[in-house]
Amino acid sequence: MNTKKNFLYISNWKMSLSLNEALSFASNYYDEILSLADRENTQMVIAPSAEALFPIAQAIKETSVALSAQCCAEHERGSFTGQISPRSLYELGCSYCIIGHSERRSFNNESDQSVAKQAQTLFDNNIIPIACIGEDKNAYDQGETLSRIEEQLAPIAQAAQSSSHQNTPLCIAYEPVWAIGAQKAADNDHIESVLAWIESYLNELALTRSYRLVYGGSITSHNAARLKSIPQISGFLIGRASLDFQELEKIVHYR
Ligand code: PGA
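Conventions adopted
- Residues numbered from 1 in each chain as written.
- Predicted model: local features only at pLDDT ≥ 70, side-chain atom pairs only at ≥ 80, totals over all residues.
- Heavy atoms only, no water.
- Helix = DSSP H or I, 4+ residues; strand = E, 2+ residues; numbered from the N terminus.
- Rg over C-alpha atoms; globule rule 2.2 N^0.38 Å.
- Buried < 20%, exposed > 50% of the residue type's maximum accessible area, 1.4 Å probe, protein only.
- Contact = heavy atoms within 4.5 Å.
- Pairing = 2+ DSSP bridges.
- Axes fitted to C-alpha atoms, helices over the stretch in contact; angles between N-to-C directions.
- Right-handed = clockwise from strand over helix to strand, strands pointing away.
- Phe/Tyr/Trp six-rings, centres within 6.5 Å; stacked < 30°, edge-to-face > 60°.

Peer 1: Explain the overall build of the chain to me, please; I cannot follow it from the model alone.
Peer 2: Looking only at helices and strands, the chain has 11 helices and 8 strands in total. The C-alpha radius of gyration of the chain comes to 17 Å, within 12% of the 18 Å expected for a compact globule of 255 residues. For the chain, the C-alpha atoms occupy an extent of roughly 45 × 45 × 30 Å along the three principal directions. Across the 255 residues of the chain, 52% fall into the buried class. Pairs at least 24 residues apart make up 73% of the contacts formed inside the chain by residues separated by at least 6 positions.

Peer 1: How do you make sense of unusual backbone geometry when you look at a structure like this?
Peer 2: Leave glycine aside and you will find that most residues have negative phi; peptide bonds, for their part, are mostly trans. The residue Asn41 is not glycine, and still its phi comes out positive at about 55 degrees. Along the polypeptide, Asn41 turns up in the loop between helix 2 (30-37) and strand 2 (42-47). Of note in this structure, Asn109 is not a glycine but carries a positive phi near 50 degrees. For Asn109, a relative accessible area of 66% gives the class exposed.

Peer 1: I tried to follow the pairing of strand 5 (residues 128-133) on my own but got confused; where do I start?
Peer 2: Walk down a regular strand and you will see the side chains alternate between the two sheet faces. For strand 5, the tally of buried residues reaches 6 of 6 residues, placing the bulk of the element in the interior. A two-sided burial pattern is seen for strand 5, the buried positions comprising Ile128, Ile130 and Cys132 on one face and Pro129, Ala131 and Ile133 on the other. Across 4 bridges, the pairing between strand 4 (residues 96-99) and strand 5 is parallel. Across the sheet, residue Tyr96 finds its bridge partner in strand 5, namely Ile128. The sheet contact formed by strand 5 and strand 6 (residues 170-174) spans 4 bridges and is parallel. Within strand 6, the residue paired with Ala131 across the bridge is Ile172.

Peer 1: Would you take a moment to explain the sheet that holds strand 3 (residues 66-69) for this structure?
Peer 2: Each strand in a sheet pairs with its neighbour through backbone hydrogen bonds, running either in the same direction (parallel) or in the opposite one (antiparallel). Spatial strand order, 1-2-3-4-5-6-7-8: 8 strands in a closed barrel with parallel pairing. Strand after strand, the sheet turns through a mean of 25 degrees between neighbouring axes, direction not considered. Summarising the sheet, strand 1 (residues 7-12) and strand 8 (residues 233-238) pair through 4 bridges and their orientation is parallel. Residue pairing for strand 8: Leu8 is matched across the bridge by Gly235.

Peer 1: Help me understand the pairing of strand 7 (residues 211-216) in this model?
Peer 2: Most of strand 7 sits inside the fold, with 6 of its 6 residues counted as buried. Burial along strand 7 is two-sided: the face carrying Tyr211, Leu213 and Tyr215 and the face carrying Arg212, Val214 and Gly216 are both buried. Pairing analysis gives 5 bridges linking strand 6 to strand 7, with the strands arranged parallel. Following the sheet pairing, Cys171 is matched in strand 7 by Arg212. Between the parallel pair strand 6 and strand 7, the chain is carried across by helix 9 (residues 188-204), and the sense of this crossover is right-handed. As paired strands, strand 7 and strand 8 are joined by 3 bridges and run parallel to one another. From the neighbouring strand, Gly216 faces strand 8, where its bridge partner is Leu237.

Peer 1: What's the story with the packing of aromatic side chains in this structure? I'm lost.
Peer 2: Going through the model one piece at a time under the given rule, you end up with 9 aromatic pairs. Summarising the aromatic geometry, the rings of Phe7 and Tyr9 are spaced 5.0 Å apart at their centres and angled 45 degrees between planes, so their arrangement reads as tilted. On the basis of relative accessibility, which here comes to 12%, the residue Phe7 falls in the buried class. On the basis of relative accessible area, Tyr9 is assigned to the buried category, the value being 0%. With a centroid separation of 5.0 Å and an interplanar angle of 85 degrees, the aromatic rings of Phe7 and Phe236 are classed as edge-to-face. In this pair, Phe7 is assigned in strand 1 and Phe236 in strand 8, connecting sequence segments 229 residues apart. Its relative accessible area of 0% is what places Phe236 among the buried residues. Of the aromatic side chains, those joined through ring pairs into one cluster are Trp13, Phe25, Tyr29 and Phe245.

Below you can see the structure in the form of structure tokens.
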């Protein structure tokens, strides 16, 4: 079932801020972020880079702001030098973890199978995966959007079905790769047709786990209202605009 409770605003800080800059940003806008998080039907999620997770977790511990990691290992523990354990993310207080972001898929060669394995380990540790899927420019131009989406989604959906903690929802972030870091977001018709396809694919599988669909790719205060009008959407994955607090505030305020 596509749950639309609470609109999610996921701030993906990527590696745009150093540790000190991330902590300054969080402390400069602390009260403002909390007051956004206290709005009705609103869930604010911050995804800082790995080194900032612990101090940010401490800062937002008693608040309604949720914490997300930007990536994780496929495994809970073991000989995986330099990787981030989903178990530790849970212990740290993360309730979400972004997986399969197109930058990880392209710069770190993450495969569809690896992303699905990460999803499985996150479910097993009671963390909501924000699983990013989306076609690149070439697939879009060739009219192969849906076949690329299916290749990415199928293993994630299978992990959602076979993992434990069926109460932990799945979050799918549709991010057309060509709209990330671009001048403009995808248009509503395109997003709506892809999300409708994802919805029917997941509904046909009769997942017992609930899921939600979010959009990402060049969200700004100028397109937030039109993107929010897409019926299947119940959240945004926001890159650049999340680091301009006034911009983020406007995006949250548009209904
Ligand atoms: P953008 O990034 O909002 O800067 O396009 C989105 C993302 O990469 O998730």
